[in-house]
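Read off the chains here:
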Amino acid sequence: MKYEKYFSLINRLENEAKENPKAYKLRVMAIALLGYAYFLLMATFPVVIVFAVAVALWFFPGGLFLLLKLIGKIVWLIIIAGIGIFSALGGALRSLFTAPPKPEGYALTRAESPQLFQTIDDISEKIAAPKPDHILVNSDFNASVHTFPRRAFFGKETYLSVGLPLMQVLSPEQFRAVLAHEMGHISKKHGSDAAWIYQLRETWARFLENQEAEGGNISFLYTSFVSWYFPYFNAYSFVLARQHEREADRMAVEFYGAKPLAEALMNTEVKARLLEKDFWKDVFDRAKTDQRAPEKTFSRMARHFREERDEAKEIIALSKALSARSDYHDTHPSLNERLKLMGYEFAPDSQHLPTVSDQSAAQVFLGDLGDTLIETFDREWQTRVAPFWTQHHEHLGKVRERLSELETKAAASDLTEDELYELAHLKAQNEDYNAAIPFLEEILRKNPQSASAKFDLGSILLENENEKGIELLEEVMKQDDSFTIAACEQIYAFLYARNQEEKGLIYLNRAETFYDVVLAAQKERGYISDYDELEPHELPAEKVRAIAAKVATHEEITAAYLVKKKVVNLPEKPCYVLCVETKKKWLKSSGDVKDEHLLEVVINQVQNDGISFAIILSKFKNVRGKLDKMPNAKIY
């Protein structure tokens, strides 16, 4: 389904869900049932075949003799095919009955946090929600609730996960509102079928992942269905999930009021943005000087949020959060939309920044246990990141060393284009992307046709909210269509954020159309057959001599021909075919090189010269006849 059609479908479904929520949920249930039904039908495919044969023989017993005669002729083929199908379908059944991985974290007990458990009890009673089976504390800056089936579709088990860093940021009142929102997702008012519906996506995902690993032995059973079904299922379930987010907000507001939840949402958005932009950047910048990963990272995070506040940065972060729109990738509505729906008055200035209370939710609900858990998370993070940290420290050392070399050379003489491009990338790694801008601009002054420099500079400008980046990315796509998908997606995101969705969809459709062409081109270039139309290669003599020299290193090859396969998709990207003849050996010895191994070695040698295929001509008799009529085909 095309992006534009998919987005249009979501918009239409959102209106339908608002007009008649109950009817809409029934439609989503029906679509989910179809997905489960097809999966079960596919998983029991061999049984269906056996049953169909049994029914046919019951009504036409005379066919038994013919069936046995046929089976006798192709018995080994049937056995091999049967083993493959049963193996693959066994994987389908395992996907259905295999439970997804459970959330990780420290499992709280009522004795350790009686206030938290009592709060959850109160919320559970108020909004008619079952009490979670497990309450976990982890190191995420998030809170979530997950429901898992105990066995296939039957029974359920609920995990409520709360991030200790989030509890350190929020006040007790704000945290209670967040708990009410999360509990709203498992409320009977919310609907008890959501987990069952979302489980379908997990089941199919596990099955398709297993199939890909096993080579797609039964892809003929599901490829067409998946291509047709999942765009609709994703759209219907997306709208239902967003509707659930709004309902969960409403329940939390009914129980605790709009202000605690609104402040919790703003606090979370602001701190999450500053975490990514400032805190974690500062942590990993320490790898420039520190050989070991820092200690007490999460302890420092708590101080960073509560004692080292920068109101100017928080105002900017809040302003950006409030200007963000609801999109088609996150089921949560935008912050702006959520605040308006709960009737909360706001403005992105210092008067409306969420206040920091004297006591955090972590202090109130966890007490000393919170300090113990922070120390545990500190140690676990340091251990987990240690191998990467060492590599990153060594890499940054090499970056600075090479930077010094290039900067010293630049002071004495002009750098080449490649050296300038390397310098730009090193500056970006050592500082940030903006540090690369002067060097990218210098490359373009020297060579206005540098597609890579245009793409990088255009991307940075869009990231800096400078629409001049669009002009550069447009130029890049005209020069080199391999940048089309990445460039169009960046332009779409830039325009969508500025309420220019209609204009942005033009780029998204352009990317999708090009992607379809690329897939068709890959398919077209994925094989060579006796019946393909071939053309002269038209490569320069110097490159042809280089290819011939590589071929000459193999004594098994007696002749080589170079041609071009005629293609329809992306004809400007030629598909070159190297055709080789090998010595005829009437008596083979163990030391002989097998054709398959020879082709693998040859293609590895010449693929950097743009060669797509290498074939043994003895296996392509029709191709051999075409080569003698092809000008300049023989190169060795």
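Above this text sits the structure in question.
Since we're looking at a predicted model, the values are computed, not measured.

What counts and how
- Residues numbered from 1 in each chain as written.
- Predicted model: local features only at pLDDT ≥ 70, side-chain atom pairs only at ≥ 80, totals over all residues.
- Heavy atoms only, no water.
- Helix = DSSP H or I, 4+ residues; strand = E, 2+ residues; numbered from the N terminus.
- Buried < 20%, exposed > 50% of the residue type's maximum accessible area, 1.4 Å probe, protein only.
- Contact = heavy atoms within 4.5 Å.
- Areas by Shrake-Rupley, 256 points an atom, 1.4 Å probe, with all protein chains shown as cover.
- Pairing = 2+ DSSP bridges.
- Expected span 1.5 Å × (residues − 1).
- Axes fitted to C-alpha atoms, helices over the stretch in contact; angles between N-to-C directions.
- Parallel < 35°, antiparallel > 145°, perpendicular 65-115°, else oblique.
- Nonpolar A, V, L, I, M, F, W, Y, C, P; charged D, E, K, R; others polar.
- Core = buried A, V, L, I, M, F, W, Y, C linked by side-chain atoms within 4.5 Å.

Peer 1: Can you lay out the overall build of the chain for me, pointing to particular residues and giving the numbers?
Peer 2: Of regular secondary structure, the chain possesses 25 helices and eight strands. Classification of the 636 residues of the chain by burial places 44% in the buried group. Look at the contacts in the chain between residues 6 or more apart in sequence, and 73% of them connect residues 24 or more apart. Of the accessible surface of the chain, which amounts to about 34,500 Å², a share of 55% is contributed by carbon and sulfur atoms.

Peer 1: An account of the pairing of strand 6 (residues 557-565) is needed here, citing residue identities and associated values.
Peer 2: Judged by how many residues are buried, strand 6 sits mostly within the fold: eight of nine residues are covered. Pairing analysis gives three bridges linking strand 5 (residues 534-536) to strand 6, with the strands arranged antiparallel. Across the sheet, residue Glu535 finds its bridge partner in strand 6, namely Lys564. Inspection of the sheet shows strand 6 paired to strand 7 (residues 575-582) by eight bridges, in the antiparallel sense. If you follow Leu562 over to strand 7, its bridge partner there is Leu578.

Peer 1: If you had to explain helix 6 (residues 114-127) to someone new, which residues and values would you point to?
Peer 2: Here helix 6 contains 14 residues, and its C-alpha end-to-end distance of 20 Å stays within 8% of the 20 Å for a straight helix at 1.5 Å per residue. Within the sequence span of helix 6, burial applies to Leu116, Phe117, Thr119, Ile120, Asp121, Ile123, Ser124 and Ile127. Phi for Ala128, located one or two positions after helix 6, is positive at around 60°.

Peer 1: Would you mind going over the sheet that holds strand 7 in detail, with residue names and values included?
Peer 2: Pairing within the open sheet is mixed, and its four strands lie in the order 5-6-7-8. Of all strands in the sheet, those with a lone pairing partner are strand 5 and strand 8 (611-616), marking the two edges. Averaged over all pairs of adjacent strands, the angle between their axes in this sheet comes to 40°, without regard to strand direction. As defined by bridge partners, strand 7 adjoins strand 8 across five bridges and the pair is classed as parallel. Counterpart to Leu578 in the pairing with strand 8 is Ala614. Running over the sheet, helix 23 (residues 541-551) touches strand 6, strand 7 and strand 8 and is turned about 140° from strand 6.

Peer 1: Which residues make up the environment of Leu265, and what values do they have?
Peer 2: Positionally, Leu265 belongs in helix 11 (residues 258-285). Given the relative accessible area of 13%, Leu265 is considered buried. Residues Leu265 and Val178, 87 residues apart in the sequence, show an inter-C-alpha distance of 8.3 Å. Leu265 has contacts with Leu335, Arg338 and Met342, leaving out every residue within four places of it along the chain.

Peer 1: Tell me about the packing of helix 1 (residues 3-19) against helix 22 (residues 501-524), and please be specific about residues and values.
Peer 2: Relative to each other, helix 1 and helix 22 sit at 130°, their axes nearing to 9 Å. In terms of orientation, helix 1 lies oblique with respect to helix 22. Counting all contacts with helix 1, which are made through Tyr3, Glu4 and Phe7, the residues of helix 22 involved are Leu505, Leu508, Asn509 and Glu512. Residue composition of the contact of helix 1 with helix 22, by class: four nonpolar, one polar and two charged.

Peer 1: Could you give an account of the nonpolar core, naming the residues involved and the relevant values?
Peer 2: Leu164, Met167 and Phe175 are the most contacted members of the largest nonpolar core, which has 66 residues in total. A per-element tally of this core places helix 11 first, with eleven residues. Excluding its chain neighbours within four sequence positions, the residues that come into contact with Met167 are Val162, Phe175, Ser360, Ala361, Ala362, Phe365 and Leu366. In terms of nonpolar packing, the next biggest core, distinct from the first, is built from 34 residues, Val28, Phe238, Val239 and Leu505 among them.

Geometric values such as these leave the question of function open.
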